Amino acid sequence: MFETTRREGVVQVRREGARWLSTAWDGGYRAADAVYNLTVPEGFSRTDLDAYREERLREAGFPVGPALLTGLEMTHARCARSGPVAVLATAGLSNPAALPMGESEAATERTANRDAESDDAEWRPGTVNLAVGADRSLDDGALATLLATAVEAKAATLLDAAGVPGTTSDAVLVGCVPDADPAEFAGSATEVGAAARACVRDAVRASLAARYDDGPPTVEEAEHGVVTDRQTDVRRP
């Protein structure tokens, strides 16, 4: 069973012998007994992220492992569990990444200017982070599918809550247990995938509720973020 521990602005998700797939700066497939979600201070601008992670984990008394970074305080972290899956989520929306499906000319002009400005903007960690652990043995393909399932659920939840599918710095860790019972697939129609979708939904909702007393900010209220409204060349293959 995946267990969580929180101290000094860090949450550890631990399962001995687990294997993970990460979308963080040092992402990829890795074996690790524990992974982390940690809060960075306001105005955070360090680029030596490996060294920073080691410093923070050492200060908190944790061994080094894969980590996700966020500007959100870990007091707003929430967990959900269903069947073989457990999820840790932190959800901050200071830098939303909107993907409009059609807006007025005035709105398009506004968002286009914002999109252009974002190319040179300083990185600001608002961030929705997920750590998803499945007590099943998944091969590389199934673990990647679990990642896609979790991101899909995150996007659906945020679209319902705030009208955006994510932020500019979202990241996900998904883990499995190679010695556990095998699961061949992890899509939405499977036991693992269905549990992951429900846990992501509920953990993200709970974290948003913990962070925002009056509900999450709208795209118009956010000071940072991007709106992708560029046009593409669509044709038959």
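Calculation criteria
Residues numbered from 1 in each chain as written. Predicted model: local features only at pLDDT ≥ 70, side-chain atom pairs only at ≥ 80, totals over all residues. Heavy atoms only, no water. Pairing = 2+ DSSP bridges. Helix = DSSP H or I, 4+ residues; strand = E, 2+ residues; numbered from the N terminus. Axes fitted to C-alpha atoms, helices over the stretch in contact; angles between N-to-C directions. Contact = heavy atoms within 4.5 Å.

1. Considerations on the sheet that holds strand β11 (residues 171-176)
The six strands are arranged β4-β3-β11-β10-β8-β7 in an open sheet whose pairing can be described as mixed. The open sheet terminates on both sides in strands that have one partner only, identified here as β4 (28-31) and β7 (78-82). Neighbour-to-neighbour, the strand axes of the sheet open up by a mean angle of 15°, direction not taken into account. Sheet topology places strand β10 (residues 128-134) next to β11; five bridges connect them, and they run parallel. Counterpart to Val132 in the pairing with β11 is Val174. Strands in contact with helix α4 (residues 191-211) are β7, β8 (85-91) and β10; relative to β8, the strand with the most contacts, it is inclined by about 30°.

2. Considering the sheet that holds strand β5 (residues 34-39)
The strands making up a sheet associate through backbone hydrogen bonding, with each pair oriented either parallel or antiparallel. Reading across from one edge, β1-β2-β5-β6 is the order of the four strands in this open sheet, with mixed pairing throughout. Bordering the open sheet on either side are β1 (3-7) and β6 (67-70), each of which pairs with just one other strand. Neighbour-to-neighbour, the strand axes of the sheet open up by a mean angle of 15°, direction not taken into account. As defined by bridge partners, β1 adjoins strand β2 (residues 10-14) across five bridges and the pair is classed as antiparallel. Considered in β2, the bridge of Thr4 is made with Val13. Across the sheet, helix α1 (residues 49-60) touches β1, β2, β5 and β6, and the angle it forms with β5 is around 95°.

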